[in-house]
Amino acid sequence: MLHQLYTGVFVVVYILTVCLPFAQPCRPFDIRKIVEPKTCTGPPGIEGTHMTNLTLSPGKEAKFVCLIDHSCLVSVIKWYHITPDNSSIRLIKTAKSPGDPHVHRIEKVTIEDEGTYSCVAENVIGKTEVLAYLTINPASICKPNLFQLIILGIVSAFANQT
């Protein structure tokens, strides 16, 4: 009985707030999708296509996106960094950290940032994890510019004269 009362109230509120003010016919909707609870049968879903491997030069911005389906009551979101030799795993971000918990940004990457980045979403049923690897392009780490080469040549010439 209470369920029917809530359904009737919702339909009246929908008509008064959506249809009448705009003088438009109401679009059909399925009230069951609104009032029936969703049954979760597994861990949270994560769309893996947004977590991609990156190869960047030092100083560039890295951005990892973890699109989590929150319809199954996600209780935990964590980000981890795993070193390239798999010798250490470090928790780098949680849902309570500042910023968007679905995005991990590194403003200016360094060689220490290289490794695997893991996004983990958990609920009471289980956890789901997606991974992406960040490679720092070593060719651009110690590449001198023309000015540095000129100074190096002058210093070498001066050192050879003494």
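Residues numbered from 1 in each chain as written. Predicted model: local features only at pLDDT ≥ 70, side-chain atom pairs only at ≥ 80, totals over all residues. Heavy atoms only, no water.

Chemist: Explain the side chain of Glu114 to me, please; I cannot follow it from the model alone.
Modeler: Examined against the element boundaries, Glu114 turns out to sit in the loop between β7 (103-106) and β8 (115-122). Of the buried charged residues, Glu114 lacks a salt bridge, with Arg90 as the closest side chain of opposite charge at 13 Å. Within polar-contact distance, the side chain of Glu114 engages the backbone nitrogen of Ile136 at 2.7 Å. Ignoring sequence-local partners within four residues, the contact set of Glu114 consists of His81, Ile82, Pro84, Tyr133, Leu134, Thr135 and Ile136. (Helix = DSSP H or I, 4+ residues; strand = E, 2+ residues; numbered from the N terminus. Buried < 20%, exposed > 50% of the residue type's maximum accessible area, 1.4 Å probe, protein only. Lys, Arg positive; Asp, Glu negative; His and termini not counted. Salt bridge = Lys/Arg side-chain N within 4 Å of Asp/Glu carboxyl O. Polar contact = N/O pair within 3.5 Å; in protein donor to acceptor, adjacent residues only side chain to side chain. Contact = heavy atoms within 4.5 Å.)

Chemist: Teacher, can you tell me more about the state of the cysteines here?
Modeler: A disulfide bridge is the covalent bond that connects two cysteines by way of their sulfur atoms. According to the stated counting rule, one finds one disulfide in the structure shown. Here Cys66 pairs with Cys119 through a disulfide, and the sulfurs are 2.0 Å apart. The sign of the S-S torsion, about -80°, decides the handedness of the disulfide formed by Cys66 and Cys119: left-handed. Within this pair, whereas Cys66 is found in the loop between β3 (62-65) and β4 (67-68), its partner Cys119 is found in strand β8, the two being separated by 53 residues in sequence. Here Cys66 matches Cys119 in class, with each residue buried. (Disulfide = S-S within 2.5 Å.)

Chemist: I'm lost on the nonpolar core in this one. Help?
Modeler: Grouped burial of nonpolar side chains is what soluble globular proteins tend to show. If you look at the biggest cluster of nonpolar residues, it comprises 20 residues, and the most contacted ones within it are Ala62, Phe64, Ile68 and Leu134. Listing elements by their share of this core, those giving two or more residues are β2 (54-56), β3, β5 (76-82), β8 and β9 (127-136). In terms of residue count, β9 provides more of this core than any other element does, four residues in total. Beyond its immediate chain neighbours, meaning those up to four positions away, Ala62 contacts Leu54, Leu56, His104, Arg105, Ile106, Val109 and Leu134. (Core = buried A, V, L, I, M, F, W, Y, C linked by side-chain atoms within 4.5 Å.)

Chemist: Help me understand the pattern of salt bridges, please; the structure alone is not making it clear to me.
Modeler: A pair can form between side chains of opposite charge whenever their charged atoms are brought close. Summed over all chains, the structure comprises one salt bridge. Note that Arg105 is salt-bridged to Glu61, the shortest N-O span being 3.1 Å. A residue pair is termed long-range when its members are at least 10 positions apart, and Arg105 in strand β7 and Glu61 in the loop between β2 and β3 qualify at 44 residues. Owing to a relative accessible area of 46%, Arg105 belongs among the partly exposed residues under this scheme.

Chemist: Is there a simple way to explain the confidence of the model for the chain in this structure?
Modeler: Segments scoring low in pLDDT should not have their predicted coordinates read at a detailed level. When pLDDT is averaged along the chain, the result is 78; 63% of the residues meet or exceed 70. Note that residues 1-23 has pLDDT below 50 and, in this model, 18 contacts with residues that lie over four places away or in other chains. (pLDDT = per-residue confidence, 0-100.)

Chemist: Explain the packing of aromatic side chains here, please?
Modeler: Two aromatic rings, taken as a pair, are described by how far apart their centres are and by the angle between their planes. According to the stated counting rule, one finds one aromatic pair in the structure shown. The interplanar angle of 20° and the centroid separation of 4.9 Å between the aromatic rings of Phe64 and Tyr117 together place this pair among those described as stacked. Here Phe64, found in strand β3, pairs with Tyr117, found in strand β8; they are 53 residues apart in sequence, far enough to count as distant. A relative accessible area of 1% means that Phe64 is categorised as buried. (Phe/Tyr/Trp six-rings, centres within 6.5 Å; stacked < 30°, edge-to-face > 60°.)

Chemist: I tried to follow the sheet that holds β5 on my own but got confused; where do I start?
Modeler: Consider a sheet: its strands pair through backbone hydrogen bonds, and that pairing is either parallel or antiparallel. Spatially, five strands are ordered β2-β9-β8-β5-β6 in an open sheet, and the strand pairing comes out mixed. In this open sheet, the two edge strands, each paired with only one partner strand, are β2 and β6 (89-94). The average angle at which neighbouring strand axes cross in this sheet is 25°, direction not considered. Bridge count for β5 against β8 is seven bridges, and the pairing is antiparallel. Across the sheet, residue Trp79 finds its bridge partner in β8, namely Cys119. (Pairing = 2+ DSSP bridges. Axes fitted to C-alpha atoms, helices over the stretch in contact; angles between N-to-C directions.)

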